[in-house]
Amino acid sequence: MLTALIAIPAIGALLVALLPKGKDALAKRAALVVTLIVAVLTVVMALRFKADGPRFQFTEKYWWIKQFGVHYAVGVDGVALVLIVLSAILVPLVVLASWNDAERSGGVDNPPKRSVKTYFALLLSLEAMMIGVFAATDIFLFYVFFEAMLFPVYFIIGSYGGPQRSYAAVKFLLYSLFGGLLMLAAVIGLYVVSANAGHGTFLFDELRNLHIAPTTAKWLFLGFFIAFAIKAPLVPFHTWLPDAAGQAPTGAAVLIVGVLDKVGTFGMLRFCLELFPGAAKWFTPVVLTLSVVGIVYGAVLAIGQVDIKRLIAYTSISHFGFITLGIFAMTTQGQSGATLYMVNHGFSTGALFLLAGFMITRRGSARIDAYGGVQKVAPLLAGTFLVAGLSGLSLPGLSSFVSEFLVLVGTFTRYKVPAVIATVGIILAAVYILWMYQRTMNGPTAEAVKGMSDLSKRELIVIAPIIAIIVALGFYPKPVLDVINPSVKQTLVQVHQQDPKPTIAEKGSHQ
Amino acid sequence: MTPVVLAAGDIPAPHLEYGRLAPILIVLGAASVGVLVEALAPRAQRYGLQVLVSAVGLVAAFAWTIALGLGDQPHHVAAMGAIGVDGPTLFIQGTILVLALMSMLLIAERTHEASPFTAQASTVPGSPEEREGLVAGLVQTEVFPLVLFAVGGMLIFPASNDLLTMFVALEVMSLPLYLLCGLARRRRLLSQEAAVKYFLLGAFSSAFFLYGTALLYGYAGSVRLSDIAAAISKQSGTEPLLLAGVALLSVGLLFKVGAAPFQAWKPDVYQGAPTAITALMASCTVVAAVGAILRVFYVGLETLRWDWRPMMWAVAILTMLTGAIVAITQTDVKRMLAYSSIAHGGFLLTGVIATNKAGLSGTLFYLAAYGFTTVGAFAVITMVRDAGGEAGHLSRWAGLGKRQPLVAGTFAFFLLAFAGIPLTSGFTGKFAVFQAAVAGGALPLVIVGVVSSAIAAFFYARVIVLMFFSEPAADGPSVVFSPTTATAVAVGAFVTLVLGVIPGPALHLAQSAANQLFVR
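## Regarding the interface of chain A and chain B
Facing the 33 residues of chain A at the interface are 31 residues of chain B. Across the chain A to chain B interface the summed buried area is about 2,900 Å²; carbon plus sulfur atoms make up 82%. When the buried area of chain A at its contact with chain B is split by residue, Gln 67, Phe 68 and Ile 188 of chain A rank highest and sum to 21% of it. Linking chain A to chain B there are zero salt bridges. Connecting chain A to chain B are three residue pairs in polar contact (both at pLDDT 80 or more). Elements represented by at least two residues in the side of chain A that touches chain B include exactly strand S1 (57-65), helix H5 (139-148), helix H6 (150-160) and helix H7 (165-196) of chain A. The biggest single contributor to the side of chain A that touches chain B is H7 of chain A, with 16 residues. When the residues that make up the side of chain A that touches chain B are grouped by side-chain class, the tally is 25 nonpolar, five polar and three charged.

Printed below as a string of structure tokens:
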């Protein structure tokens, strides 16, 4: 099942890439069909996932490189499952949203036409790797996907991005590659530790039970953590994100911020915490500090941005602060909230990026002051933008609220001060979102915006499902939480953390 | 095995195991036939005959190597103890032969107006005189026997079981290469400069090697690696004679790999030499030299490893960092790959330093993987040409990805393999040596290796950016396809991919080769 989910887009990418020149329309349709098939299969898989079943389901395991002890091993727990669902739903929407992007890539400065089929082939290969990275239960395999994933993104930003694309692409690649290589050292180190313990392996299940000397564990933790912190990105490793997301074509920006960055937080939850529980606890104060700094710093910088896409990128840095805060609070609520936040953030930021992209394509500028009064000429665009934005600032009733609340509650029960400071982030979120909305959508209609058309049918089809999900998860997040909770509890058992004696207890949480 | 006693007038004929030495003898024999062809065959037929002789020689030698490997566990000394025939050696020799065959594809390339080698030292490329010479059939077919002699030397170099044989092999391998470097048809001065530099520095390093051999002979009373090992384990091993000998010997060996601080020749020579010869040097010579290092340090000096490891640590760290950092400033493709090759020499040394079986097999695998990628990459370089021959300057490569997506894509793939990105052979190789090094207690070395990989990734990425994200220049270079070169590129790319995605069989081969260890 999982192998099919990885293989279908990979094969699709190959086929699309091999299409003869000039068959652009066919390439687009093929890409859409492939991603839709993947989405349907993923939803089917999600429905068949048993929340009370074994932790990893749909597992497959074969030898890959026996000499290194490497398996091709895949399987999903609740956390991985919801992230795969997130990716599989976002990709077809992104394909649809970028329908005409490749032709007029760069948008602002109109660089020459690029190959359409290459763009969609890259998107498809990226989807294969995104699913693979969440599904891998062999750390070597995870690493392979983790690194290989960079290249489709690198080429998409570099070939189809804005005016500064090549700078942004290289910066993105070097940051990620540096993190990845540190992780490689840690992966090798982990293998050697397991080999010294008698049985060299990369399988997550076996490594979980490995006893690692505390000092070694701290170093290995750092190797993994820095890689994930760059990916996530956590302050101070964040500077690549505004450039990458700001320069990437809209569709790729959605996937970079919506899914790719989740690999970082996912990795922290899955690998940093479970493989090195002791080290994770040792480093917790540092991580919490960085998270809180990230929440406030990202929000403050977001307020100051003049470029819409960069603004959204900075809001994400702030949100990633919440996610890492929730993960390292090491309470059920914190971690469930953080995982839910990963999903919600993917959808709401994805929607923001998509809508901003639609708007930027129409106006030809990403600067906030190039707009004004859009609401009057394009009410649908403005309305959906508002909903997505309100979700971003965690309005109750929209999905992010639930997760942000859980994170804050989960953090507060153990670490009061960080939770209190983090709350400031919510207030700042209201400032950056609403102020941006006010400047672009309200007020007198700017001259250049007068002729702006409202959302087209294609764009509505893209945005409607996301808005629906945002609202649905805002009112009824239980199905997702039910899937997440068992996995998170396992993680907490592994780190030997129990929830603190309740000030606010959730039914069924570990006591 | 009886020691040769030089009694007056009574020199016993050495006992030679022809069967076990056949690969070496076939290549050297083919080289001699090539010389005869050069002397006897009419001009018009020389090229065809030479290509045939070289190809048959290399293929036959390779087939024999495989037969030796498949036969009973090869673990013998041959030629009165001068040559070792064992798993690792056969693996290295097989690798050299295949890579030489691939380089031969580049050397034999003819479709583009003329051979990449000059016919006469004085002709100007593209001039009427040169054309007249071509019509008259003045072509440099000596390159084929020269290459074969060099390859023969490379086969003996890692197989030599005593330092004198090794020295002879070193010279047999190097002298033809010095000549070949100076034969480029275009940019004659650069080519001749490369040849002279290579020759002078090479001669120096040979002298170091010989002096080291002499000192070790003084210490152990023998040039046999096994005798030296025995002498070291008998005494406590802090003799100045021994240490000085090891140091000098290492200089000679490390020079051939291009390890820092003996790397200065590499960029100049790689840039100046005809690209086909650069491909041969960057792949086969490196394989042979690392093979020799493995043999010397694993057989002769194994018992001394606590003394040489710190030195090698320093050399490896210096090599990786120098290669990676200096490469950033390069503007010529071949120079950039030369520095990349220096950095890779450092990665290979981490495998040597591991001094365990995994290190041996990892290094063997790395050598094979790296060799194929290198030949492929240099083959691409020979294809990208403008009016003045190969478009060496990086700025000329701008926008190649738009004009020739396939060629640029393949080159980008090779660069990613050099950078060690997963799903390429470069990653598997790096992983193999790094893992061995960590297991061998060289974690700091691996961290340096990882950091320099990240630095190196920067300049590989820069070339990719240039090829794909920049606008093509109006008068940019064109891509010249020739079937032989295209074959070399295709084989290189295919092996790079296969060794990255399903490296199991090749790793298994390297492991079983390493399991037999070097014969003593």
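Structure shown, so let's carry the discussion forward.
## Remarks on the pairing of strand S1 (residues 75-78) of chain B
Residue and element names in this part refer to chain B. Relative to strand S2 (residues 83-86), S1 runs antiparallel, the two being bridged by four bridges. In the sheet register, His 76 faces S2, and the bridge partner there is Val 85. If you look at the hairpin formed by S1 and S2, you'll find four residues sitting between the two strands, and Ala 79 has a positive phi there, around 50 degrees.

## Overview of the packing of helix H16 (residues 379-392) of chain A against helix H18 (residues 416-441) of chain A
Residues and elements named next belong to chain A. With their axes 10 Å apart at the nearest point, H16 and H18 run at an angle of 170 degrees to one another. When the interaxial angle is binned, H16 and H18 end up roughly antiparallel. Along its contact with H16, which presents Leu 381, Ala 382, Phe 385, Leu 386, Gly 389 and Leu 390, the element H18 presents Ile 433, Leu 434, Met 436, Tyr 437 and Met 441.

## Overview of the confidence of the model for chain B
Should pLDDT be low for a region, the predicted coordinates there are not to be read in detail. Of all residues in chain B, 94% attain a pLDDT of 70 or more, and the chain-wide mean is 88. Per-residue pLDDT, averaged within each element of chain B, yields its smallest value for helix H4 (residues 128-135) of chain B (69) and its largest for helix H5 (residues 143-156) of chain B (95).

## A word on the packing of aromatic side chains
Residues and elements named next belong to chain A. Summed over all chains, the structure comprises 52 aromatic pairs over all chains. When the centroid spacing of 4.7 Å and the interplanar angle of 15 degrees are considered together, the rings of Tyr 191 and Phe 202 count as stacked. In this pair, Tyr 191 is assigned in helix H7 and Phe 202 in the loop between H7 and helix H8 (204-208), connecting sequence segments eleven residues apart. A single burial state applies to Tyr 191 and to Phe 202, both of which are buried. Through a chain of ring-to-ring contacts, the aromatic side chains of Phe 56, Phe 142, Phe 146, Phe 204, Phe 224, Phe 228, Phe 271 and Phe 276 assemble into a single cluster. Positioned above the aromatic ring of Phe 412 is the side chain of Lys 416, whose terminal nitrogen or guanidinium carbon lies 5.3 Å from the ring centre.

## Considerations on unusual backbone geometry
Residue Pro 233 of chain A is reached from Ala 232 of chain A by a cis peptide bond, and omega for that bond is -20 degrees. Summarising the element assignment, Pro 233 of chain A is placed in the loop between helix H9 (214-231) and helix H10 (240-247). Cis geometry is adopted by the peptide bond preceding Pro 236 of chain A, which originates at Val 235 of chain A and carries an omega value of 5 degrees. Structurally, the position occupied by Pro 236 of chain A is in the loop between H9 and H10. Despite not being glycine, Met 330 of chain A shows a phi value in the positive range, around 60 degrees. Secondary-structure assignment places Met 330 of chain A in the loop between helix H13 (308-329) and helix H14 (332-363). Overall, Met 330 of chain A belongs to the buried group, its relative accessible area being 1%. Even without being glycine, Met 80 of chain B reaches a positive phi, approximately 55 degrees.

Definitions and limits used
Residues numbered from 1 in each chain as written. Chains lettered and ligands numbered in written order. Predicted model: local features only at pLDDT ≥ 70, side-chain atom pairs only at ≥ 80, totals over all residues. Heavy atoms only, no water. Contact = heavy atoms within 4.5 Å. Buried area = accessible area lost by both parts, 1.4 Å probe. Salt bridge = Lys/Arg side-chain N within 4 Å of Asp/Glu carboxyl O. Polar contact = N/O pair within 3.5 Å; in protein donor to acceptor, adjacent residues only side chain to side chain. Helix = DSSP H or I, 4+ residues; strand = E, 2+ residues; numbered from the N terminus. Nonpolar A, V, L, I, M, F, W, Y, C, P; charged D, E, K, R; others polar. Pairing = 2+ DSSP bridges. Axes fitted to C-alpha atoms, helices over the stretch in contact; angles between N-to-C directions. Parallel < 35°, antiparallel > 145°, perpendicular 65-115°, else oblique. pLDDT = per-residue confidence, 0-100. Phe/Tyr/Trp six-rings, centres within 6.5 Å; stacked < 30°, edge-to-face > 60°. Buried < 20%, exposed > 50% of the residue type's maximum accessible area, 1.4 Å probe, protein only. Lys NZ or Arg CZ within 6 Å of the ring centre and 35° of its normal.

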